[in-house]
Amino acid sequence: MKPMLRGLRVDLKHQMAVDEQYEKDINELTAEFKRMVGRDINPNSTKQLGEYLYGDKAQRNLGIKAIKNRKTKNVTVDEETLEQLASRYVLPEVDVLLNIREKSKVRSTFINPKRNDSDGRSRCSYNIPGTDSGRMSSSKGPLGSGGNLQNVTHGLCRSIYIPDDGYVWLECDQSQAEVRIVAHVAPEPKLIELYRKGMDVHKFNAGIK
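Residues numbered from 1 in each chain as written. Predicted model: local features only at pLDDT ≥ 70, side-chain atom pairs only at ≥ 80, totals over all residues. Heavy atoms only, no water.

## Considering the packing of helix α2 (residues 12-37) against helix α5 (residues 92-111)
1) Next: Two elements in contact, α2 and α5, have axes separated by 9 Å at closest approach and are oriented at 160 degrees. As judged from the angle between their axes, α2 and α5 are roughly antiparallel. Like other packed secondary-structure pairs, α2 and α5 cross with a definite hand, here left-handed. (Axes fitted to C-alpha atoms, helices over the stretch in contact; angles between N-to-C directions. Helix = DSSP H or I, 4+ residues; strand = E, 2+ residues; numbered from the N terminus. Parallel < 35°, antiparallel > 145°, perpendicular 65-115°, else oblique. Left-handed = near helix turned anticlockwise from the far one by under 90°.)

## Things to note about the sheet that holds strand β1 (residues 8-10)
1) Next: One open sheet accounts for three strands, arranged β2-β1-β5; its pairing is antiparallel. If you trace the sheet from one side to the other, it starts and ends with β2 (121-122) and β5 (161-162), each paired once. (Pairing = 2+ DSSP bridges.)

## Considerations on the side chain of D19
1) Next: Counting through the fold element by element, D19 comes out in helix α2.
2) Next: Excluding anything up to four places from it in sequence, D19 contacts R107 and I111. (Contact = heavy atoms within 4.5 Å.)

## As for the layout of surface pockets
1) Next: In this model, the largest pocket occupies a volume close to 770 Å³.
2) Next: Considering the residues around the largest pocket, the lining is formed by 21 residues, among which L8, L149, Y161, W169 and L170 are closest to the centre.
3) Next: Broken down by secondary-structure element, the contributors of at least two residues to the lining of the largest pocket are α1 (2-6), β1 and β5.
4) Next: For the lining of the largest pocket, the element with the highest residue contribution is α1, accounting for three residues.
5) Next: In terms of residue class, the lining of the largest pocket is made up of 12 nonpolar, two polar and seven charged.
6) Next: In this structure, the second largest pocket spans a volume of roughly 170 Å³.
7) Next: In this structure, the second largest pocket is lined by I67, K68, N69, R70, T76, D78, E80, T81 and Q84. (1 Å grid on protein atoms, 1.4 Å probe; cavity = no way out; pocket = protein on both sides within 12 Å on 5 of 7 lines; lining within 4 Å. Points joined across faces, edges and corners; volume = space filled by probe spheres on them. Nonpolar A, V, L, I, M, F, W, Y, C, P; charged D, E, K, R; others polar.)

Here you go:
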C-alpha cells in the first residue's frame with residue numbers, strides 16, 4: 001500500500017522534453033516510411049496498410065500471402081503479423097513501420113504526461129497474484145491514472161522519474177540468483193562448486209562439447 005499511495009516523483013520538465021523527442025522521432029520515421037512506400041499512407045491505418053502489403057506488394061511478384069485473423073477472418077497488420085512478414089520477405093519499410101509502432105506505444109504507455117496525478121507523481125496498483133507464475137503485476141491506479149511501473153522501458157523513459165529530496169535510487173540484483181538457489185536446493189555439487197570458483201555457469205554450459 002505504501003508504494004501505491006506514495007507513487008514516483010516525476011521530473012515534469014524533463015518528461016515534456018522526452019515526449020517531444022519521441023514525437024520528433026516518430027514524425028521522422030513516418031516521413032521515411034512514406035518515402036519508402038512512395039505514397040501517403042497512415043502507419044496506423046489497417047485498411048491502407050492491408051491494401052499496400054497485400055495488394056501493391058503482392059502484385060509485384062513478391063509472393064506475399066495475406067495473413068488473416070483466426071477469429072474474424074479479416075486480413076490483419078498487427079505487430080505480430082508485421083514481424084512475420086518481415087521475417088519471411090525483404091521488406092525494409094516494414095522494419096521502419098515496426099519502429100514507429102514501438103515508439104508510439106512506448107510514448108503513450110510510459111511518457112504521456114496524462115499518466116501523472118495532479119501532484120506531479122505517477123502511481124499504479126500492484127496486483128499481488130497478478131501473474132500465473134506468482135509474481136506481482138502492476139496496472140493503472142484506482143483513479144485511472146498511472147500504469148505499469150514494473151516494465152518501464154530503459155533509457156529516456158526511466159529518466160523521467162527522480163528520487164524524492166534526500167533520497168537516491170538504488171538498484172540491487174544478485175547475479176544468476178535463481179540458478180544459485182536451485183544449485184543448493186537440489187543439491188547439485190558440481191554446480192555449487194562452479195559458483196564457489198566464481199565461474200559463469202552459462203559460459204561453462206556453452207563450452208561443454
